[in-house]
Every structure is written in C-alpha cells, then in structure tokens.
Amino acid sequence: MNHAQLTALGRALRVLGEHGDALTADAPDAKLHEVRTDLKRALELLEDSVTTAAPSTRCAEHPNGPVDENAPDLCLLCETRRRAARRAEINGPSARPRSTEPTPSRYGVREDRPQPQQRWLPEQWTGQEWQLCGTPRRDRHEAELYINAQRRGPRAAMAYRLVHEFTDYEVLRVWGTPVRVDIEPLGNL
Ligand SMILES: [Zn+2]
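The rules we used
- Residue numbers here run from 1 along each chain, matching the order of that chain's written sequence.
- Local features are withheld for residues below a pLDDT of 70 in this predicted model, meaning they are given only at 70 or higher, and side-chain atom pairs are given and counted only at 80 or more; totals for whole chains, interfaces and linings count all residues.
- Hydrogen atoms and water are omitted, and side-chain values are computed over all heavy atoms in the structure.
- By convention in these notes, a salt bridge is any Lys or Arg side-chain nitrogen within 4 Å of a carboxyl oxygen on Asp or Glu.
- Per the convention used, a helix needs a DSSP run of H or I reaching at least four residues, while a strand needs a run of E reaching at least two, with both numbered from the N terminus.
- Expected span of a helix: the number of residues minus one, times 1.5 Å.
- The buried label goes to any residue with under 20% of its type's maximum accessible area, the exposed label to any with over 50%, and the partly exposed label to all in between, with areas taken from a 1.4 Å probe on protein chains only.
- By definition, residues are in contact when any of their heavy atoms lie within 4.5 Å.
- Axis definition: a line fit to C-alpha positions, over the contact stretch in the case of helices; interaxial angles, taken between N-to-C directions, run 0 to 180 degrees.
- In this scheme, roughly parallel covers angles under 35 degrees and roughly antiparallel covers those over 145, while 65 to 115 is roughly perpendicular and the rest are oblique.
- Two helices crossing with the near one rotated counterclockwise from the far one by less than a right angle form a left-handed crossing, whereas a clockwise rotation gives a right-handed crossing.
- As a working rule, the residues Ala, Val, Leu, Ile, Met, Phe, Trp, Tyr, Cys and Pro are called nonpolar, Asp, Glu, Lys and Arg charged, and the rest polar, with Gly in that last group.
- Here the term patch refers to residues with relative accessible area over 30% and no salt bridge, with like charges joined within 9 Å and nonpolar side chains (Val, Leu, Ile, Met, Phe, Trp, Tyr) within 5 Å.
- To be clear on the numbers: accessible area is Shrake-Rupley with a 1.4 Å probe, and residue cover counts the displayed protein chains and nothing else.
- Only nitrogen, oxygen and sulfur atoms within 2.8 Å of the metal, or 3.2 Å for Na, K and Ca, are treated as donors, and water is left out, so sites may look incomplete.
- In this scheme the shape depends on donor count and angles: four donors with every angle between 85 and 135 degrees give tetrahedral, four or six donors with opposite pairs above 155 degrees and others between 65 and 115 give square planar or octahedral in turn, and any other case is irregular.
- Between any two strands, at least two bridges found by DSSP are needed for them to pair.
- In this text, buried Ala, Val, Leu, Ile, Met, Phe, Trp, Tyr and Cys residues form a nonpolar core when linked through side-chain atoms within 4.5 Å.

Engineer: Give a detailed account of the pattern of salt bridges, specifying residues and quantitative values.
Structural biologist: This model, assessed by the stated rule, comprises 11 salt bridges. The residue R82 makes a salt bridge to D73 at a minimum N-O spacing of 3.0 Å. E79 serves as the salt-bridge partner of R86, at 3.3 Å between the closest nitrogen and oxygen. Through salt bridges that share partners, D73, E79, R82 and R86 make up one connected network.

Structure representation (structure tokens):
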C-alpha cells in the first residue's frame, strides 16, 4: 500500500465511522444509500491496496499452502512433517536407519509413504522393529481377526499392532510389549 492509497483508505474508513456514529432508527433511505456508496468506495480502495491473496493457513512459513483443517496452524505441509516426527518417535530409533540383517517375514518392512487407498496392516514386533506380518486388509475387523489368530499360533511374536494406512499411518492398537532384543551373533545358536 503506497502513501496515496493509505491516505484515501484512511479517509474512506473515517467517513464510515462517522456514518456509524450518526446512525439512528429513523435514518432515511437516502442516508442509507449514501452509506452504501461510501462503503463500496472504501471496499474498492481496500481491494486496490491488497496485493496478495488472503492467507489460507496460520503458518508463517506456508501462509498460502495446502490446508489441513485438523492441524492447529491449518498447514498441511507442517502437519505432515510433525506426523512424520511423531511416527519416528513411536517407532523408536530402531526404525531408521534400517537394519541390514535378514528379517524373518516374507512381507518385509512398511514403505515410508502410504498408498492412497485405505488399508489395515497387521504388524509384528521382531525384537528389532515393527514388521508387516500378513497381507494388508481392506477391512479392519478382518485384520484384527488375523492378528488374534497369529497371537494364538505356536510361533507367536512378542507383540503385534494394527496400523491404519490412508494418507498417513496411524497405530490403532498394540498387543503385547515390544522390547528391544539384541541380535545373537551367528554360530551361537
Ligand atoms: Zn507450514
């Protein structure tokens, strides 16, 4: 906003203030039309003065970035970053960098980013990290039944958990206690 715009806008807004002070119940229509004209004029001046789009988030870093309605600052970019940090905290330092040791499951370890379709992932604690222990399910109940069956099996793991995969991963439920177990050196079995 340059100085001329500032002066004009200030004057227009003060005029509106005067209208407000003078307003009474018996104000004639002619007066109301005058207020309307002055209001429009002030709005035009304001629109001329504003050069950027209204911020879509309350984030100082990404004021016009994508919106996440559930984020405290409405910023999807920062919320995604915060979620990743929380996830790393939940998974523990063992999650990354990844162990190069062969893992006992043929399903491997979950990818960093989920697929756009929602799925429920059964995971087991290997003693080192959480690992996918069955086919991802389209149905939560089915995934829970699967985990319960695994827990009753003869070679049940120390702990299981159910992870919801959609646009992010969310741990829904944990069975057992995942305790870090040292890897036994080869030949010592
Ligand atoms: Zn942000």
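Next comes the rest of the write-up.
Engineer: Got a sec to walk through helix α3 (residues 76-91)? Specific residues and values, please.
Structural biologist: Taking 1.5 Å per residue as the helical rise, α3 with its 16 residues ought to reach 22 Å, and the 22 Å between its terminal C-alpha atoms agrees with that figure. The complete set of buried residues in α3 reads C78, E79, R87 and N91. Contact partners of the buried residues in α3: β2 (130-132), β3 (159-165) and β4 (169-176).

Engineer: Can you break down the packing of helix α1 (residues 3-22) against helix α2 (residues 29-49) residue by residue, with the values?
Structural biologist: Look at α1 against α2: their axes get within 9 Å of each other, and the N-to-C directions meet at 150 degrees. What the angle tells us is that α1 and α2 run roughly antiparallel. Both α1 and α2 take part in a crossing whose hand is left-handed. Along the contact surface, α1 presents Q5, A8, L9, A12, L13, V15, L16 and H19, while α2 presents K31, E34, V35, D38, L39, A42, L45, L46, D48 and S49. Here the residues of the contact of α1 with α2 are counted per class, giving 11 nonpolar, 3 polar and 4 charged.

Engineer: Please give an account of a nonpolar patch on the surface that cites residues and values.
Structural biologist: Where nonpolar side chains cluster on the molecular surface, the patch consists of L43, L46 and V50 and spans about 260 Å² of accessible area. If you trace the backbone, L43 turns up in helix α2.

Engineer: Before we move on, could you go through the coordination of the zinc ion and cite the residues and values that matter?
Structural biologist: For a metal bound by four donors in tetrahedral geometry, the ideal donor-metal-donor angle is 109.5 degrees, whereas six donors in octahedral geometry ideally sit at 90 or 180 degrees. The zinc ion binds to the protein through C59 (SG), H62 (ND1), C75 (SG) and C78 (SG); the donor distances cover 2.1 to 2.3 Å. Geometry at the zinc ion is tetrahedral, judged from the 4 donor atoms that bind it and their angles of 100 to 119 degrees at the metal. Read in sequence order, the donor residues coordinating the zinc ion give the pattern C-x2-H-x12-C-x2-C.

Engineer: Requested: an account of the pairing of β3, with residues and values cited.
Structural biologist: In summary, the side chains of a regular strand alternate between the two faces of the sheet. Extensive coverage of β3 is indicated by the burial of 7 of its 7 residues. Neither face of β3 is open: one carries A159, R161, V163 and E165, the other Y160, L162 and H164, and all of them are buried. Of the pairings in the sheet, the one linking strand β1 (residues 119-125) to β3 comprises 6 bridges and is antiparallel in character. Within β3, the position partnered with L121 by the bridge is V163. Of the strand pairs in this sheet, β3 and β4 are connected by 7 bridges, and their pairing is antiparallel. In the sheet register, R161 faces β4, and the bridge partner there is V174. Hairpin geometry of β3 and β4 is characterised by an intervening segment of 3 residues between the two adjacent antiparallel strands.

Engineer: Can you break down the nonpolar core residue by residue, with the values?
Structural biologist: Judged by nonpolar contacts, W120, C133, A143, Y146, I147, Y160, L162 and W175 together constitute the single largest core of 8 residues. Counting only elements with at least two residues in this core, the list comes to α4 (140-152) and β3. The element that contributes the greatest number of residues to this core is α4, accounting for 3 residues. Sequence-distant contacts of L162, that is, excluding residues within four places in its chain, are made with W120, L121, R140, A143, E144, I147, E170, V171, L172, R173 and W175.

Engineer: Give me unusual backbone geometry: which residues, what numbers.
Structural biologist: Even without being glycine, L74 reaches a positive phi, approximately 65 degrees. You can see L74 is positioned in the loop between α2 and α3. Residue L74 is classed as buried on the basis of its relative accessible area of 17%.

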